[in-house]
Amino acid sequence: MLAEPLPYRVRAFAAEKDGELLGVGGFAYLPSGTVGAFVIMKEGARRHRLALHKAGVAALAEARRLKIPRLVAMAEPGVEPAARWLRRLGFRETQVDGEQVFVWEA
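Here the structure is a predicted model, which is why all the values come from computation and not from measurement.

Caption draft 1: Looking closely at the overall build of the protein. When helices and strands are tallied, the protein shows two helices and six strands. Against the compact-globule benchmark of 13 Å for 106 residues, the protein has a radius of gyration of 14 Å, which places it among compact chains. Expressed along its principal axes, the backbone C-alpha trace of the protein runs to roughly 40 × 35 × 30 Å. Counting across all 106 residues of the protein, residues that qualify as buried make up 31%. A sequence separation of at least 24 residues applies to 45% of the contacts in the protein between residues at least 6 apart. Accessible surface for the protein amounts to roughly 7,500 Å². Of this, 55% is attributable to carbon and sulfur atoms.

Here is the structure:
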C-alpha cells in the first residue's frame, strides 16, 4: 500500500512488430491538468519506423476518442528524428519557460 497517491497516472500502450516489443508510450495525466505524451523505445526500435509511426497515429486516435484536447511532448535532446516525428504526427513546436516543447491539439 502506498503512503500517498502517485503524483500522476498514465495510460500506456505497447508497440510491437511480429511479436517483438518495440516500446511503450502513452499519456501521462499530470497534477497540473496537462496531459503529456511519452514514448520509451528499446534499443534498435527506430529501424521499425513504419510500425512506430502507426502506433503513434493509433495513440492520437485514442486521444481523440478519450476527448483529450491537448497533448504536450518533448523531443529527446540530440535526436533530430524525434522532433521530425512529432511534427509529422501533427505536433507544433513552441517554447514554454525557455524550453522547446511540442503541442498537439485535437
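Caption draft 2: Structural view of the nonpolar core. Core analysis: the biggest nonpolar cluster contains 15 residues, and F27, I68, L71 and F91 have the highest contact counts within it. No other element matches the three residues that helix α1 (residues 49–65) contributes to this core. The residues contacting L71, other than those within four sequence positions of it, are F27, V35, A37, L60, A63, F91, F102, V103 and W104.

Caption draft 3: Structural view of the pairing of strand β5 (residues 92–96). Sheet topology note: the β5/strand β6 (residues 99–105) ladder contains five bridges and is antiparallel. Following the sheet pairing, Q95 is matched in β6 by Q100. From the end of β5 to the start of β6, which pair antiparallel, there are two residues, and D97 there has a positive phi angle of about 50 degrees.

What counts, and where the lines are drawn
Residues numbered from 1 in each chain as written. Predicted model: local features only at pLDDT ≥ 70, side-chain atom pairs only at ≥ 80, totals over all residues. Heavy atoms only, no water. Helix = DSSP H or I, 4+ residues; strand = E, 2+ residues; numbered from the N terminus. Rg over C-alpha atoms; globule rule 2.2 N^0.38 Å. Buried < 20%, exposed > 50% of the residue type's maximum accessible area, 1.4 Å probe, protein only. Contact = heavy atoms within 4.5 Å. Areas by Shrake-Rupley, 256 points an atom, 1.4 Å probe, with all protein chains shown as cover. Core = buried A, V, L, I, M, F, W, Y, C linked by side-chain atoms within 4.5 Å. Pairing = 2+ DSSP bridges.

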